[in-house]
Each structure stands twice: as C-alpha cells, then as structure tokens.
Amino acid sequence: MFKISAIVASFFLSFSLLAQHEYLPLSYDYDMLYSGALYKKDADIHTSIRPFRASEVANYVQIDSSFKSLQYKAKIFDNWAGRAFFLKHLLEVRTKDFDLSVDPSGDCRIGKEKGAESYRYHSTRGFYIQGRIGKQVTFVTSFSENQARYQEYVNEQIDTTRVVPGQGYARDFKNGSAFDFANAYGVLSYTPSKFFNFSLGQGKVFIGEGHRSMFLSDAAFNYPYIKIETTVWKIKYVNLWTQMLDLNKNLEVNQQYRKKWVSSHYLSYNVNSRLNLSIFESVIYGSDSLNRGIEAIYFNPIILFRPIEFSNGSDAANVIIGFGASYKLTDGLMVYGQFALDEFVLKEITSEPGSWRNKSSYQLGLK
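Note that the structure is predicted; figures quoted are calculated from it, not measured.

Each value, and the rule that gives it
- Residues numbered from 1 in each chain as written.
- Predicted model: local features only at pLDDT ≥ 70, side-chain atom pairs only at ≥ 80, totals over all residues.
- Heavy atoms only, no water.
- Helix = DSSP H or I, 4+ residues; strand = E, 2+ residues; numbered from the N terminus.
- Contact = heavy atoms within 4.5 Å.
- Buried < 20%, exposed > 50% of the residue type's maximum accessible area, 1.4 Å probe, protein only.
- Pairing = 2+ DSSP bridges.
- Arc of directions from axis to C-beta.
- Phe/Tyr/Trp six-rings, centres within 6.5 Å; stacked < 30°, edge-to-face > 60°.
- Lys NZ or Arg CZ within 6 Å of the ring centre and 35° of its normal.

## Side note on the overall build of the protein chain
Piece 1. Counting its regular elements, the protein chain contains seven helices and 16 strands.
Piece 2. A sequence separation of at least 24 residues applies to 56% of the contacts in the protein chain between residues at least 6 apart.

Shown next as structure tokens:
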C-alpha cells in the first residue's frame, strides 16, 4: 500500500490558535508531539483523561512551539504557495475578547491491495472552525464528507454491519463498490475557574492509559456528551453523561436507532508526580425494545450507581466498576494496569460458577 495525503486546515497544519482552545485534538499523532513532557517523573498531570486540556498541558510544554516544530520539516513550507496554502487561515479574526478561524480540510489516500483489481482509497472534504469568547469560553466544530473503498476484509465488515469502523452509518457509493459517510464534531467548553471545566459536545472521550482502555476507549463513533471536570489538590474528578446508538438494529416502532444512556464517574488521584491511582464507575441504561428517556437520578455527580441499580430493579441497568494504577519508572517510561468488573453478582460466584452475570477484564502495559 502507498499513501498520498493532503491535509489542509489549522486542525492539522496551522496551530496558532490551538493553545487558545481548551481541548487539544484527541489524536495519537498529536499526543506524540508533547507526551514526552507529560510523562516525565516530575510532571504532576492526570495523563489518563483525554483529550488533554491545553491550559494544563501548557504548564509543561510550549504547545505552539511543539506543533510548529513538525511543520517546518517539510520542504513544501519553503515556498510562498506552501506557506499560504498550509500555514494561513482561510478566515481569521483576532480581538481582545474574541478569536475565530475558519479553514477547509481535506485528506486523500490511494493504494493498491495485492490481488485486488481495483484501487483502495479514502477521500475527505470538509471544514474546521474554532474560536474563543472572552477568557472562559472556547468552541470548535468540524464537518467532513467521505468516500472510501477499503481492504476487502474491511469492506466485508461494512457490508454486514453498515457501519464504517470508528465512523458512522455507511451508504453505498459507486454502485455499491465503495462507501459514503459523514463525520461531525463539535465541543463548547466553559472554564469559570482553575477548579472547574464544563463541556458540551459531539465527540469522544478517553479514560485510562494504553492504546485501548478497559474503562472508556475512543474506538467508537462520535457521540453526544456532557462532561464536568473538577480539579482540586491532587485529585481530578470527571462526570460524563453520554448517549449511545446501535446502528445495527432499528426499533420496531418508528424505525429509530436503539438508544442507550451512559453515566460515568472517574476519580484520578496523583499520590505524587509518579504514582497515580484511579477508580471508574459507569452505568448503562435503556431498553432493547423502547427508547426510554434519561433517568434523572443518574445525574447525581457523586452517587454510587450500584445501589441505585438495585433500587430501580436489578436488571434495569448495567454497572461497570474499575480500578487503575500507573507509575512512572523514569522519564518517558510508565507501567500501568487496569481491572474492570461488569455486573458482578456476588451470590452467583459460588452458586453459578462461570455465570454470564459476572464478567471481568484486565490489562497490564508499558508506555
């Protein structure tokens, strides 16, 4: 496979405003630009909660400098056209109380799979908008339209599920030989003080260490969420409320996608700059046959979910609890672990060994 990629946007190549937006992009490629500073022994930051907040990362690294160090390695920036096309915003407004930038975005990849008659490709076109209102409110939004033909094993999965992995619903394109899908993202962030941050958006949140997490990973498609981050002393506490869709099956009534709601608590405690301990709790509720609305009681930001599940009926919801720990062995080297329990019915551990009601998972890793 070979790849030709052209990415035109401040999101990828012009970073003058990123430090002003509260949340940095949730991206492995971006993380690599500043993770070295965050994983030093003396960096007292909660690395298990992403996307990172720019105001926190800025305490350990010059964000703009880190991003710009990537820009000028390419010869395309040496000439006038390259600088104008890649390093300048299409529309830019800068005032004391208001910032705004608007940019087009695009990505084009093409390759050849061994034994395949047709080329594989991924084409994206869209826009990216971000800005600041005063000192406490920031916003970012983007939209992209995509057409793609993937490797055969991926195409077969999409044909079966009608879902592009990590994306949304797939429509047929080119008489069914390729797929068409869209992606929308947006976050409104409000930071009234150093202790609190409130965000409302359509996107993803990652909780845990590692490439994937036993608590909450970022492999799913963008979803609507409300998030509150509270940071006091050595503790960061996250409240997250999200809505999930099952794109594989519609309800029998009015053909809507099945919906379920998720309420989560995450407590991260930095014992010191090297050792972190964490507790995760999440409840998933809804119905397989009806789109039942939000349970108001799950909006309590500090309540334990397990007793509430029993009070509503033992099968009313699904609770997951987990424990995590990480330790920085030296600068840039961390060992971490997670353990999660799904359901956990104590009486069935002895009465019904191997019961489906008791499920657990764990991971150990070195980063």
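Let us keep going from here.
## What about the side chain of Glu56?
Piece 1. Assignment of secondary structure puts Glu56 in helix H2 (residues 54-57).
Piece 2. Classification of Glu56 by relative accessible area gives buried; the value is 17%.
Piece 3. In contact with Glu56, other than residues within four places in its own chain, are Ile45, Thr231 and Lys236.

## Section: the pairing of strand E5 (residues 137-149)
Piece 1. The pairing of strand E4 (residues 120-133) with E5 spans 13 bridges and is classified as antiparallel. Within E5, the residue paired with Arg125 across the bridge is Glu145.
Piece 2. Connecting the antiparallel pair E4 and E5 is a turn made up of three residues, with Gly134 showing a positive phi of about 65°.
Piece 3. With twelve bridges joining them, E5 and strand E7 (residues 178-190) adopt antiparallel strand pairing. Opposite Thr138, over in E7, you have Ser189 as the bridge partner.

## Re helix H1 (residues 28-38)
Piece 1. Taken together, the buried positions of H1 are occupied by Tyr30, Asp31, Tyr34, Ser35, Ala37 and Leu38. The buried residues of H1 occupy one face: seen down the axis, they fall within an arc of 140°.

## Some thoughts on the environment of Ser118
Piece 1. Assignment of secondary structure puts Ser118 in the loop between strand E3 (98-111) and E4.
Piece 2. A relative accessible area of 30% places Ser118 in the partly exposed class.
Piece 3. For the pair formed by Ser118 and Arg149, sequence separation is 31 residues and the distance between their alpha carbons is 9.0 Å.
Piece 4. With residues up to four places along the chain from it excluded, the contact list for Ser118 reads Lys112 and Arg149.

## Thoughts on helix H5 (residues 152-161)
Piece 1. Every buried residue of H5 is accounted for by Val154, Asn155 and Ile158. The buried residues of H5 occupy an angular sector of 100° when projected down its axis, which confines them to one face. What points out from H5, more than 90 degrees from its buried face, is the exposed set Tyr153 and Thr160.
Piece 2. Buried residues belonging to H5 abut E4, E5 and E7.
Piece 3. Immediately downstream of H5, the backbone of Arg162 shows phi near 60°, a positive value.

## Focus: the packing of aromatic side chains
Piece 1. Tallied over the full model, the rule gives eleven aromatic pairs.
Piece 2. An angle of 55° between the planes, with centres 6.4 Å apart, marks the rings of Tyr266 and Phe280 as tilted. In this pair, Tyr266 is assigned in strand E12 (residues 257-270) and Phe280 in strand E13 (residues 275-286), connecting sequence segments 14 residues apart. In this pair, the class of Tyr266 matches that of Phe280, namely buried.
Piece 3. Members of the aromatic cluster, joined through ring pairs, are Tyr190, Phe196 and Phe198.
Piece 4. Sitting over the ring of Phe206, Arg50 keeps its end group 4.2 Å from the ring centre.
Piece 5. Looking at Lys112, its charged tip hangs above the ring of Tyr119, at a distance of 5.8 Å from the centre.

## Description of the environment of Ile45
Piece 1. Among the secondary structure elements, Ile45 is positioned in the loop between H1 and strand E1 (49-50).
Piece 2. For Ile45, a relative accessible area of 8% corresponds to the buried category.
Piece 3. For the pair formed by Ile45 and Tyr269, sequence separation is 224 residues and the distance between their alpha carbons is 10.0 Å.
Piece 4. Leaving out residues up to four positions away in the same chain, Ile45 has contacts with Leu38, Glu56, Val57, Tyr60 and Asn270.

## Observations concerning the environment of Ile294
Piece 1. Looking at the element boundaries, Ile294 is found in the loop between E13 and helix H6 (305-312).
Piece 2. Assessed through its relative accessible area of 40%, Ile294 is described here as partly exposed.
Piece 3. In sequence terms Ile294 and Val262 are 32 residues apart; their C-alpha atoms lie 9.3 Å from each other.
Piece 4. When neighbours within four sequence positions are excluded, Ile294 is seen to be in contact with Trp261, Tyr285 and Phe299.

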